[in-house]
Structures are given as structure tokens and as C-alpha cells.
Amino acid sequence: MLRYSSAKVLRYHDSALVVVTYNRPPEAFSLHFDSEFIDLLKPYARVRSGISEELPIGQGDIALRQAIAALDFATESDKPIVRWVSMLDLTLEVAARRDRMYFDTATLYQRILERYDEANGTTLGATAAALARTCGDVKQAAEMLFQHQNTVRYRMRKMKELFNMANATDRELIRFLVLVYLV
């Protein structure tokens, strides 16, 4: 039997939110507990669960945000249980979307490109997004956009000018764009 330090059950929209704290769960805790949890609740309800990473009690707010994000993903993907750490790169995207300062900053840079495109009849925004999605693979981005690679390279130079990054390398621009289009 697993011993816990404290447990609380709260209503969260149409779900039950269970907050459990442990002194230190055993190593095999997660797999054993997940299957027990599902089996226990299956007869009564459709089980969707989001589980945060193990964090100190002082970071309970972060654990709660991780668990809710994992719960949202479990609901969207129709999986019974999703752990925050199993979401891999999606965790960064979720965190970026939920952090207001990051989101606002990324949106600011996206708007700069959108405004430039509107004023000049260009597609720097679409090019930037394609470069971010392909992690800077110019050939793949060009294929996504149905453009020549040289066109993508020209647009990269225009973006550097627009962002006042004229002396930046292509790699630095791509790193910047990946961060901007993470949200």
C-alpha cells in the first residue's frame, strides 16, 4: 500500500482534480499507480488524467499547471492518462502558450512580420513560420512554400534587416524564429 502525505479532491469544470503529496513515492510508483487508478475508476466514469512531474511542494502551482495541461492533452487525444514528461516537445509549446510574457513577446515579433507583409505584399511571415517548423532546413521550407531555395534565402536576409539582425548568422536567425513560432 502506498502511503501519502496529504490528498485533496476538488472539482475542476466537469472533472475531479486530485492533488496528492508524497514524502517520496517508490521507483515503481508511476506504472503501478496509473493502472490501479484507471481500474478503480473505469466502472464509474471515463478516465482522463493529467499528471505533473514530481516537484517539491513549494512548486505546487507549477505542478498544478502541468497536470491541467496534461489533462487537456489527455482529453484531446482520448488517452486515459498523460504525464507531463511524456508530452516531450509539446510541453515547451504548452508552457510558451501559457506564459503571458513569452506569448506576448512572440506575438509581437510575428505581428512585425505580418505588418511588413501587409504593407509590402510579401510573405515573410509564412517563410519565417516554415523555417521555424523545419528548424532552418531551407530546402524543406522552400518545398513547403512552393518557392525556390534562393527566394527563401533572400527572405531570410530581409527578416534580418527587419529585426535589426543584419550581422546575425543564419543559425542565429533560425534560433530566434524557432522561439518566436514556438507559440
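That block above? That's the structure.
Residues numbered from 1 in each chain as written. Predicted model: local features only at pLDDT ≥ 70, side-chain atom pairs only at ≥ 80, totals over all residues. Heavy atoms only, no water.

Draft legend 1. Summary view of helix H7 (residues 149–162). Compared with an ideal rise of 1.5 Å per residue, which puts 14 residues at 20 Å, H7 spans 20 Å between its outermost C-alpha atoms and is within 8% of the ideal. Among the residues of H7, those classed as buried are Val-152, Arg-155, Met-156, Met-159 and Lys-160. Around the axis of H7, the buried residues are gathered within 145° of arc, so they sit on the same side. Close packing links the buried residues of H7 with helix H4 (100–120), helix H5 (124–133), helix H6 (138–145) and helix H8 (170–180). Following H7 by one or two positions, Asn-164 adopts a phi angle in the positive range, close to 60°. (Helix = DSSP H or I, 4+ residues; strand = E, 2+ residues; numbered from the N terminus. Expected span 1.5 Å × (residues − 1). Buried < 20%, exposed > 50% of the residue type's maximum accessible area, 1.4 Å probe, protein only. Arc of directions from axis to C-beta. Contact = heavy atoms within 4.5 Å.)

Draft legend 2. Here's a closer look at the nonpolar core. The biggest cluster of nonpolar side chains holds 19 residues, and the ones touching the most others in it are Leu-131, Val-152, Met-156, Met-159 and Leu-177. Taken together, the elements giving at least two residues each to this core come down to H5, H6, H7 and H8. The element contributing the most residues to this core is H5, with five residues. Other than its neighbours up to four places away in sequence, Leu-131 contacts Gly-136, Val-138, Ala-141, Val-152, Met-156, Met-159, Ile-174 and Leu-177. Residues Ala-69, Ala-74, Val-82 and Val-94 belong to the second largest nonpolar core, which totals seven residues. (Core = buried A, V, L, I, M, F, W, Y, C linked by side-chain atoms within 4.5 Å.)

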